[in-house]
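# A structural walkthrough
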Amino acid sequence: MMSFPKKIVLASHNAGKVAEFQTMFEPYDVKIIGADVVGLPEPEETEDTFEGNALLKARHACEITAMPCLADDSGLSVTALDGAPGIYSARWAGPTKDFDMAMKKVWDGIGDKPDKTARFVAVLALVHPDGMEYVARGEVNGNLCYPPRGGYGFGYDPIFMPENETQTFGELGAEGKDKYSHRKRAFDNLEALLKSI
Ligand code: IMP
């Protein structure tokens, strides 16, 4: 049975993500080190899958730090848009991170198509300096609504209602969102993967 290393570099400059992962790793006594702390540059996300980009970021961080590195890649995948924005979820909001615009673009893209289903996807990649690589995915299915609702969360949260909920992630807030979190599900799958080895 494998276990998590005691120190992991998180290949992300997002303080929110560092805090989120620190909480998830708390029971394992793992220290999460943010990319800022070790001065990691951000590589260009050139792959065309969540898995590819998560691995690219984790490998890049591992080459620089020679420490175990964790990276995540996530996004919203809309059925009526053949999976878009997908890996381009952040990029749809443009350089000013205008998610009101990105959410409108999603809704306009769906147009009068009756299928309003979508899913959030998160993929985690853990790369060790010895070359071992572990990848795990988590998903949450739901339905989109418009106009956006709720002031919590970030990104596409205000237009996404998880399956069997009438409130959006923007209305549910951190606690409500937690039980559906695609990142937490990916984490649980990564944990199960390591335990199985
Ligand atoms: P990443 O940081 O490159 O993985 O980009 C992920 C992008 O997907 C974010 O900028 C958001 O637009 C979107 N996204 C991922 N997870 C969530 C979520 O939990 N809520 C809302 N948007 C999300």
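Residues numbered from 1 in each chain as written. Predicted model: local features only at pLDDT ≥ 70, side-chain atom pairs only at ≥ 80, totals over all residues. Heavy atoms only, no water.

### What about the site of the ligand?
Definition in use: Definition of nearness: a residue and a molecule or strand are near each other if at least one heavy atom of the residue lies within 4 Å of the molecule or strand. In protein, a polar contact means a hydrogen-donor-capable atom and an acceptor-capable atom, both N or O and within 3.5 Å, with residues adjacent in sequence counting only if both atoms are side-chain atoms; elsewhere, any N or O pair within 3.5 Å suffices. Per-residue accessibility takes into account occlusion by the displayed protein chains alone, with areas from the Shrake-Rupley method and a 1.4 Å probe. Points on a 1 Å grid over protein atoms alone make up a cavity when a 1.4 Å probe fits among them but cannot get out, and a pocket when they form an open set with protein on both sides within 12 Å along at least five of seven lines; lining residues each have an atom within 4 Å of a point. Being in a pocket or cavity means that more than half of the molecule's atoms lie within 2 Å of its grid points. The numbering of helices and of strands both runs from the N terminus, where a helix is a DSSP run of H or I of at least 4 residues and a strand a run of E of at least 2.
Lining the immediate environment of the ligand, one finds 17 residues, of which Lys17, Ser74, Asp157, Lys177 and His182 sit closest. Within the backbone of Tyr156, an N or O atom sits 3.2 Å from a nitrogen atom of the ligand. Side-chain polar atom of Arg183 to an oxygen atom of the ligand: 3.3 Å apart, as the coordinates give it. Here the ligand loses 89% of its free accessible area of 490 Å² to cover by the protein chains. At a threshold of 2 Å from the grid points, most atoms of the ligand map onto the largest pocket. By residue number, the principal contributor to the shell around the ligand is strand S3 (residues 69-78), which donates three residues.

### Some remarks on the packing of aromatic side chains
The cut-off we apply is this: Two aromatic rings from Phe, Tyr or Trp, using only the six-membered ring of Trp, form a pair when their centres are within 6.5 Å; if the ring planes differ by under 30 degrees the pair is stacked, by over 60 it is edge-to-face, and anything between is tilted. Think of it as a cone above the ring: NZ of Lys or CZ of Arg counts as a charge over the ring if it is within 6 Å of the ring centre and within 35 degrees of the ring normal.
The tally for this structure, following the rule as stated, stands at 11 aromatic pairs. These aromatic residues form a ring-pair network of at least three members: Phe4, Phe25, Tyr28 and Phe187. Lys105 extends its terminal NZ or CZ atom over the ring of Trp92, reaching a point 4.3 Å from the ring centre.

### Some points on helix H5 (residues 182-195)
Rule in force here: Multiplying one less than the number of residues by 1.5 Å gives the expected span of a helix. Only protein chains enter the calculation, and the probe is 1.4 Å; a residue is then buried if its accessible area is under 20% of its type maximum, exposed if over 50%, and partly exposed in between. Whether two residues touch is decided by their heavy atoms; if any such pair falls within 4.5 Å, the residues are in contact.
With 14 residues, H5 ought to run about 20 Å at 1.5 Å a step, and its terminal C-alpha atoms sit 20 Å apart, in line with that. Taken as a whole, H5 has its buried residues at His182, Arg183, Ala186, Phe187, Leu190, Glu191 and Leu194. On the buried face of H5, the contacting elements are helix H1 (15-25), S3, strand S4 (117-127) and strand S5 (133-144). Backbone nitrogen of Arg183 and a side-chain oxygen of the N-cap are separated by 3.2 Å at the start of H5; the cap is Ser181.

### Looking at the packing of H1 against H5
For the record, the criterion: Whenever a helix is involved, its axis is fitted only over the stretch in contact; in every case the axis is a line through C-alpha atoms, and angles between N-to-C directions fall within 0 to 180 degrees. Just so you know how the angles are binned, under 35 degrees is roughly parallel, over 145 roughly antiparallel, 65 to 115 roughly perpendicular, and the rest oblique. Should the near helix be turned anticlockwise from the far one by less than a right angle, the crossing is left-handed, and should it be turned clockwise, the crossing is right-handed. Only Asp, Glu, Lys and Arg are considered charged, only Ala, Val, Leu, Ile, Met, Phe, Trp, Tyr, Cys and Pro nonpolar, and every remaining residue, Gly among them, polar.
Direction vectors running N to C along H1 and H5 enclose 40°, while the axes themselves pass 11 Å from each other. When the interaxial angle is binned, H1 and H5 end up oblique. The crossing of H1 and H5 is right-handed. Packed against H1, whose contacting residues are Lys17, Glu20, Phe21, Met24 and Phe25, the element H5 presents Arg183, Lys184 and Phe187 at the interface. When its residues are assigned to classes, the contact of H1 with H5 shows four nonpolar, no polar and four charged.

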